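# A look at the structure
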Amino acid sequence: MTKRLGVLTSGGDAPGMNAALRAVVRAALDRGAEIYAIYEGYRGMIAGGDQIRPMTWNSVGGILQRGGTVIGTARCPDFQTRDGRKQAVRNLLEREIDGLVVIGGDGSLTGANLLRQEWAELVAELVDEGAVSADLAERHRALSIAGLVGSIDNDMYGTDMTIGADTALHRITDAVDAITSTAASHQRAFVVEVMGRRCGYLAVMSAIATGAEWVLIPESPPDFEHEDWQARMCEVLRSGLKMGRRDNIVIVAEGAQDRHGNPITSEYVRQALEDGLGEDVRITVLGHVQRGGSPTAYDRILSTIMGVEAVDAVLSADPATDSLMIGIQNNKVVRLPLMECVKKTLEINAAIKSGDYDKAMQLRGRSFRTAFEILRTLTRAAPHAPTPGQKRLRIGVMNASGPAPGMNAAVRAAVRLAADRGHVLLGIRRGFRGLINDDLFEFEWMGVNGWAPMGGSELGTSRKVPDGKDYYAVARTLEEHRIDALVIVGGWSGYEAALRLYQERDNYPAFNIPIICIPASINNNLPGAQHSIGADTALNSITEVVDKIKQSAVASNRCFVVEVMGRYCGYLALMSAIATGAERVYLHEEGVRLADLQQDIQQLIKGFNHGKRLGLLIRSEGANPLYTTQFLAALFEEESGDLFNVRISVLGHLQQGGDPAPFDRILAVRLAARAVERLEEWHAEQPDEAPIVCMGYQHGELTFTPIDEAMRMTDPVYHRPKKQWWMDLRPVARMLAQPDPSIDGVEDEPAVQPL
Ligand code: ADP
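Just so it is clear, the model here is predicted, and its values are computed rather than measured.

Per the secondary structure count, the protein includes 24 helices and 24 strands. For 755 residues, the compact-globule formula gives about 27 Å, and the C-alpha radius of gyration of the protein, at 28 Å, lands near that figure. Along the longest, intermediate and shortest principal axes, the C-alpha atoms of the protein span 90 × 70 × 50 Å. Counting every position in the protein, which comprises 755 residues, the buried fraction comes to 60%.

Written out as structure tokens, the structure reads:
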């Protein structure tokens, strides 16, 4: 018989749960299973009746962008009792449901696992009691489970991110940015309390993203040998003010504690600051706004791909083995043993409780530890004195190519981290134009103050790629300023320029210095990096605008063709299509054929004939030179007759602007920090030929790819990597975007005869 699955959301709500629900329902139907939503978490499972309802393709329409969970969530003490669970089993059996996708935190997932373990026993008891027939029991001898972690705290072991954490980070970052501006106006200190239960993720990441001055987290209490931490904190804040900073922000995680396990409350911190600084200090407790609101693009995409994987896992799982948890590791969706992840998560909590902070930090993982270390340097108000005898490197830093949100955060981090190690940072204005025209200056520590949240490029940027007589000018500038190394934070033209310098080394020995390209481009089309700085911000800007466009379209039976940037790279188009639920996306990588367009028109007509109220097609700007956005719109308009009308929206430069998303700021800081370290390492190694490399994260590792090799991995005509990881997400996008497969059998009368 057809497999029947149930899906529920349980425990604390998290933005992205609806996206997960939508993906679970549609993937189940696509795979030929039936699916029921269990309302109000385990409470609905125990209540039964209309709390467990069959779902159709369209029952999850229009929920992708909504915060919270449309099927409700609850905490249910009854489910902790055996009797409660027995009633739940009865309700599931009666509907012949023997597979579950549970979206919740560690508590909810533990409950699900318990249900799976007890299933056979409880079923047997129900048969004995005459509550269910032996036949029915025989057909459903086991329950399979897949868990999706919905938690804004990002506190689950085994997965790099949980559903809702990115959105919460956005809310916090926006709030702290806002507080910073009022704090700076009044020269005031603020204590901001963020959520996270026993996990410092939100606190650490928001502090990096906003450039906060001090942070307190549960996993690593403040610890200074010769003084109490309060005095040290006040000292750092005071010296910052002396150096000219006007605002002081301290971020306190709700579970923060000191070495002895005493809670560090925000009120305690406020008092300590008032005593130490002798001025008014305000507290902002962010509270539930962190949970609320529309999910970010990342949360929608993450929830979507994990939801599809959960269904495939449940359908293929052997219920006799462990329950599965779906997670993401190094940018790849993975299936993990659920209970092991829960066990390790509880171990972290226990370690914090018992004061074993080293273990807690160890279990949180390398990436968290590195982020915390970087933060400690960044928050220092003034640089360390240089170590005697250590060579002070003179490092040039510039932006190149189009502006990408997060460029300033990268430059700020490079300046601060390099200065802290005693090096001199030279800011080069307007990319290679600055090197050609000798337009540079020496950065001071405070020169980058407040840069973390700023969009655009304070240094200025340009697409200038040196050529001909420019080489001589560049070489002269490098020599005159005794530049030992270059850091280029930028996109395609920056990479091209670096390649040219590499190729011209024999003619210009001045070019024989280490050069690091840090990927910064909204297009995400750079070699040697899966993510470039700025792309996440652009994706969120597109997603927000398309949400609005969709609302306007619904109101008037309209189909929109939305054109997004990316040149020949379809990253922004595909990812925004997944994040907004577009029915079709046109990419240069796939090409656009007339036969496809014909099919698209037919599908749109079929959809609108079946009550569809809006259509959304996303076209990457370089998808096809002849089948332009205008052409597509005209074609669809003409073919649709009176059924719907078609409008165009070319999003344009808003995609390059805006305050950088937290992900972009954090990526910027991580890359810049490692770049500075690498330059030092090279300086110590003194290789014959100085390396020119492109850096970036690939499959979770920070890599340095030599520029010539990187360029060989790149399509020379279309300026994008030959292999692009996100292309693997196309089947998921296509599956979810299809019209309700159950109406396939219906013969449609097209409004007008299609092509
Ligand atoms: P979260 O899932 O967000 O961690 P909770 O810990 O409150 O939230 O769990 C949500 C619900 O999951 C609980 O109200 C209860 O119904 C169920 N649950 C939690 N822990 C267990 C457990 N150990 N055994 C059975 N059910 C549990």
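Across its 14 residues, helix α1 (residues 17-30) extends 20 Å between first and last C-alpha, which sits within 8% of the 20 Å expected from 1.5 Å per residue. Burial runs high along α1: twelve of the 14 residues are buried. Restricting attention to buried positions, one finds in α1 the residues M17, N18, A19, A20, L21, R22, A23, V24, V25, R26, A27 and A28. Turning to α1, the residues buried within the fold contact β1 (4-9), β2 (34-38), β4 (99-104), β5 (144-149), α10 (297-316) and α24 (730-737). The positive-phi residue at the C-terminal boundary of α1 is G32, with phi of around 85 degrees.

Our next topic: the site of the ligand. Taken together, the neighbourhood of the ligand is formed by 15 residues, with R75, C76, G105, G107 and S108 sitting nearest. Here an oxygen atom of the ligand and a side-chain polar atom of R75 are 2.7 Å apart. Interatomic distance of 3.0 Å between a backbone N/O atom of G105 and an oxygen atom of the ligand. Relative to its unbound accessible area of 550 Å², the ligand is 82% covered by the protein chains. Residue classes in the shell around the ligand are distributed as four nonpolar, nine polar and two charged.

Taken over all residues, the pLDDT of the protein has a mean of 93, while the share at 70 or more is 97%. Segment residues 745-755: pLDDT under 50, and 20 contacts once partners within four positions in sequence are set aside and those in other chains are kept.

To continue, consider the pairing of strand β17 (residues 558-564). On a regular strand, each side chain points to the face opposite its neighbour's, so the side chains alternate between the two faces of the sheet. Of all the seven residues making up β17, seven are buried; the element is thus mostly covered by neighbouring parts of the structure. Here β17 shows no split at all, with R558, F560, V562 and V564 on one side and C559, V561 and E563 on the other all buried. Relative to strand β19 (residues 614-620), β17 is paired through seven bridges, and the arrangement is parallel. For R558, the partnering residue across the bridge sits in β19 and is L614. Taken together, the six bridges between β17 and strand β20 (residues 645-650) define a ladder with parallel strand orientation. Following the sheet pairing, C559 is matched in β20 by V646.

The next subject is the packing of helix α3 (residues 82-94) against helix α4 (residues 106-128). Taken N-terminus to C-terminus, the directions of α3 and α4 make an angle of 75 degrees; their axes are 9 Å apart at the nearest point. Comparing the axis directions of α3 and α4 gives the class roughly perpendicular. Residues R82, R85, K86, V89, R90, L92 and L93 of α3 lie in contact with α4, whose contacting residues are L114, L115, E118, W119, E121, L122, V123, E125 and L126. Residues of the contact of α3 with α4, tallied by class, amount to nine nonpolar, no polar and seven charged.

Another point: the sheet that holds strand β9 (residues 281-285). The strand order across the open sheet built from four strands is β7-β8-β6-β9, with neighbouring strands paired in parallel fashion. The strands lining the two open edges of the sheet, one partner per strand, are β7 (214-216) and β9. Looking at each pair of strands side by side, their axes are set apart by 20 degrees on average, direction ignored. Inspection of the sheet shows β7 paired to strand β8 (residues 248-253) by three bridges, in the parallel sense. Within β8, the residue paired with L216 across the bridge is V252. Relative to β9, helix α9 (residues 266-277) is tilted by about 165 degrees, and along the sheet it contacts β6 (189-194), β7, β8 and β9.

Taken domain by domain, the protein comprises domain 1 (4-162 + 295-329), domain 2 (394-533 + 666-713) and domain 3 (535-658 + 732-737). On the domain 3 side, the residues contacting the 17 residues of domain 1 number 14 residues. Sorting the residues of domain 1 by area buried against domain 3 places A297, R300 and I301 first, and these three jointly supply 38% of that buried surface. On the surface where domain 1 and domain 3 come into contact, there are one salt bridge. Here R300 and D547 are joined by a salt bridge, their closest N and O atoms 2.7 Å apart. Where domain 1 meets domain 3, there are four residue pairs in polar contact (both at pLDDT 80 or more). Among the elements of the structure, α1 and α10 are those that each provide at least two residues to the side of domain 1 that touches domain 3. Ranked by residue count, the leading element in the side of domain 1 that touches domain 3 is α10, at seven residues. The residue inventory of the side of domain 1 that touches domain 3, partitioned by class, reads nine nonpolar, three polar and five charged.

A separate point is the pattern of salt bridges. Close approach of charged atoms allows side chains of opposite charge to pair. By the definition in use, this model includes 40 salt bridges. Between E309 and R335 there is a salt bridge, with the nearest N and O atoms lying 2.8 Å from each other. Of the two residues, E309 sits in helix α10 while R335 sits in strand β11 (residues 332-337), which places them 26 residues apart along the sequence. Here D484 makes a salt bridge to K391, at a shortest N to O gap of 3.7 Å. Of this pair, D484 sits in the loop between α16 (470-480) and β15 (485-490) while K391 sits in the loop between α13 (366-378) and β12 (394-400), placing them 93 residues apart in sequence. With relative accessibility at 22%, the residue D484 sits in the partly exposed group. A single network of salt bridges, built from pairs that share partners, joins R421, R674, E677, R678, E680 and E681.

What follows covers the packing of aromatic side chains. Under the definition given, this model contains 13 aromatic pairs. Their ring planes at 65 degrees and their centres at 4.8 Å tell us that Y568 and Y718 sit as a pair that is edge-to-face. Placement of Y568 in the loop between β17 and α19 (571-580) and of Y718 in the loop between β23 (714-715) and β24 (720-721) is noted, with a sequence separation of 150 residues between them. In this structure an aromatic cluster arises from ring pairing among F441, F443 and W451. In this arrangement the basic side chain of R53 is found over the ring face of Y39, its NZ or CZ atom lying 3.9 Å from the centre. Above the face of the F704 ring, R678 is positioned so that its terminal group lies 5.4 Å from the ring centre.

What follows concerns unusual backbone geometry. In the Ramachandran plot, E96 falls in the positive-phi region, its phi being about 60 degrees despite a non-glycine side chain. Among the structural elements, E96 can be located in the loop between α3 and β4. Phi angles above zero are rare outside glycine, and R567 is one such case at about 50 degrees. Locating R567 in the fold gives a position in the loop between β17 and α19.

With that settled, consider the sheet that holds β19. Taken together, the four strands give an open sheet; going across it, the order is β18-β19-β17-β20, and neighbouring strands pair in parallel fashion. With one partner strand each, in any of the chains shown, β18 (584-586) and β20 form the two edges of the open sheet. Between one strand axis and the next, the sheet turns by 20 degrees as a mean value, whatever way the strands run. Sheet analysis places β18 next to β19, joined by three bridges and oriented parallel. Following the sheet pairing, R584 is matched in β19 by L617. Packed onto the sheet, α19 meets β17, β18 and β19 and runs at close to 160 degrees relative to β19.

About the thresholds
- Residues numbered from 1 in each chain as written.
- Predicted model: local features only at pLDDT ≥ 70, side-chain atom pairs only at ≥ 80, totals over all residues.
- Heavy atoms only, no water.
- Helix = DSSP H or I, 4+ residues; strand = E, 2+ residues; numbered from the N terminus.
- Rg over C-alpha atoms; globule rule 2.2 N^0.38 Å.
- Buried < 20%, exposed > 50% of the residue type's maximum accessible area, 1.4 Å probe, protein only.
- Expected span 1.5 Å × (residues − 1).
- Contact = heavy atoms within 4.5 Å.
- Near = heavy atom within 4 Å.
- Polar contact = N/O pair within 3.5 Å; in protein donor to acceptor, adjacent residues only side chain to side chain.
- Areas by Shrake-Rupley, 256 points an atom, 1.4 Å probe, with all protein chains shown as cover.
- Nonpolar A, V, L, I, M, F, W, Y, C, P; charged D, E, K, R; others polar.
- pLDDT = per-residue confidence, 0-100.
- Pairing = 2+ DSSP bridges.
- Axes fitted to C-alpha atoms, helices over the stretch in contact; angles between N-to-C directions.
- Parallel < 35°, antiparallel > 145°, perpendicular 65-115°, else oblique.
- Domains from an automatic or database assignment.
- Buried area = accessible area lost by both parts, 1.4 Å probe.
- Salt bridge = Lys/Arg side-chain N within 4 Å of Asp/Glu carboxyl O.
- Phe/Tyr/Trp six-rings, centres within 6.5 Å; stacked < 30°, edge-to-face > 60°.
- Lys NZ or Arg CZ within 6 Å of the ring centre and 35° of its normal.

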